[in-house]
Amino acid sequence: MPTRHDIRNVAIVAHVDHGKTTLVDAMLKQAGAFAAHQHVDDRVMDSNDLEREKGITILAKNTAVKYHPKGGGDPVTINIIDTPGHADFGGEVERGLSMVDAVVLLVDASEGPLPQTRFVLRKALQARLPVILCINKTDRPDSRIDDVVNETYDLFLDLDADEDQIEFPIVYACARDGVASLTKPANGTVPADSDSLEPFFSTILSNVPAPVYDDGAPLQAHVTNLDADNFLGRIALLRVEQGHLRKGQTVAWIKRDGTITSVRISELMMTEALTRKPAEVAGPGDICAVAGIPEIMIGETLADPENPIALPLITVDEPAISMT
Ligand code: GDP
C-alpha cells in the first residue's frame, strides 16, 4: 500500500501541568529554526495579518509542526492532536484518537502517571495505537525517573496492553529547555547528551506509522471533530482516509442516518503551526477543516459523489452526543 511518508498524526496524552504546552511550543520553535524557506514564513505572516483584519483567523484545534529531518530528506508534517487529559462526556477522547496513528504519553518525572490519564490511555490501547512514553521534567530536584517508568509499565499491564504496546520507546525530556534524550539522565538533571528535541523527533518519525492508503480509491474523509467560527460558521475537522478533497469540489455528504446530500466544498483549510490556512487540496492522511456545511456531524463521511462509501461512525462510551 502507498504510504504518506511526509505525514505523522499523533496525539499527546498528558495530565494537566505535565508539560504538554511547553513541549509543543519547543517543537514548533525547533522545527521553525530548521525552516529552509524563510520567505514562505514571511508570506504566511502577511496572509495571517490580512486574515486577522478580516476576522477569519482561527486558532486550530491541532498543531502542525513541519519538521525538517536532520541530515536532509523531505520535510514531515507532524500533526499533533490535543486530547483532554481525562474522561469527558462528549466523546472528545475518541474523536481525538480517531485522527491519529499513535500517541505520546507525556508523564512528569516526579508525579508519575496520574489516574486522570488512565481513561485516555485505556482508549488508546483499546484502539491498538502504539505509544511513545515521554518522561518530562527530568530536571526536577524531586524527580524519580525509574519509579515513574515502572509505574507506567504497571499501568500498561493493568490496562491489558498487548505485547507490542508494552514495548514502548522511552524518551527523557526537559521540555522547558527543549532537550530530549533516549538515554536516561540522573534524577534532577537535564538530559546532557543532546542539545535539542532531535531524539524526540526521530522517535516520532520511526514509531508513529505514516498513513497508508489505497491508491486510486474514491474519496473518503471522516468528520472527526467540530469547531465554530463567527465568520465561517460550523467547521468540520476531517481526516482524509482515501482520495483527495479539493476546494470547490462537489462531494457526497453521507449522514449518520445513511442519507446522502451533494455539497460543495466552499472553504478548505489546513493547519500550519497553530493557525488554519486556506488550502486547495487535502490528500490521504491529511487533517483538514471544511466550512460551509452547517449541519454536518461527527462520524459522518464526505465521499466521492460517483461512489459514496461511508466510513464507520466513531463509537463513544459515554452517553451518546446529541444528534439533532
Ligand atoms: P500542560 O498543562 O501539560 O500544557 O503544562 P505546561 O506546558 O503549561 O507546563 C506546566 C508547568 O510545568 C509550567 O510551569 C512549565 O514551565 C513547567 N514545565 C514544563 N516543562 C518542564 C520541564 O521540563 N522542567 C520543569 N522543571 N518544568 C517544566
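All residue numbers refer to positions counted from 1 along the written sequence of the respective chain. Only residues with pLDDT of at least 70 get local features here, since the model is predicted, and only at 80 or more are side-chain atom pairs given and counted; chain-wide, interface and lining totals rely on the full set of residues. The side-chain quantities take in all heavy atoms of the structure and omit both hydrogens and water.

A.B. asks: Can you lay out the packing of aromatic side chains for me, pointing to particular residues and giving the numbers?
C.D. replies: Aromatic ring pairs: the centre-centre distance and the angle between the two ring planes describe each pair. The criterion for an aromatic pair is that two Phe, Tyr or Trp rings (for Trp, the six-membered ring) have centres within 6.5 Å, with stacked assigned to planes under 30 degrees apart, edge-to-face to planes over 60 apart and tilted to the rest. In this structure the tally under the stated criterion is three aromatic pairs. For the ring pair Y153 and F168, a centre distance of 4.7 Å and an interplane angle of 20° mean the geometry is stacked. With Y153 in helix α5 (residues 145-158) and F168 in the loop between α6 (163-166) and β6 (170-174), this residue pair connects regions lying 15 residues apart in the sequence. For Y153, a relative accessible area of 28% puts it in the partly exposed group. Measuring from centroid to centroid gives 4.6 Å for F156 and F168, while their planes differ by 50°, and the two rings are tilted. You can see F156 sitting in helix α5 and its partner F168 sitting in the loop between α6 and β6, a full twelve residues away along the chain. With respect to class, F156 is no different from F168; both count as buried. Numbered from the N terminus, helices here are DSSP runs of H or I no shorter than four residues, and strands are runs of E no shorter than two. Relative accessibility decides the category of a residue: with a 1.4 Å probe and only protein chains considered, values under 20% of the type maximum give buried, values over 50% give exposed, and everything between is partly exposed.

A.B. asks: Describe in detail the site of the ligand, supporting the description with residues and values.
C.D. replies: Around the ligand, the surrounding shell holds 14 residues, and the nearest of these are D17, K20, T21, T22 and D139. Polar contact is defined as a pair of N or O atoms within 3.5 Å, subject to the rule that within protein one atom must be able to donate a hydrogen and the other to accept it, and that residues adjacent in sequence are counted only when both atoms are side-chain atoms. Between K20 and the ligand, the recorded distance is 2.8 Å, taken from a backbone N or O atom to an oxygen atom. A distance of 3.0 Å separates an oxygen atom of the ligand from a polar backbone atom of A175. Taken by itself the ligand offers 580 Å² of open surface, and the protein chains cover 71% of this. A cutoff of 4 Å decides nearness: a residue is near a molecule or strand if any of its heavy atoms lies inside that distance of it. All accessible-area figures derive from a Shrake-Rupley calculation using a 1.4 Å probe, and residue coverage is judged against the displayed protein chains alone.

These results come straight from atomic positions and should not be treated as a statement about function.
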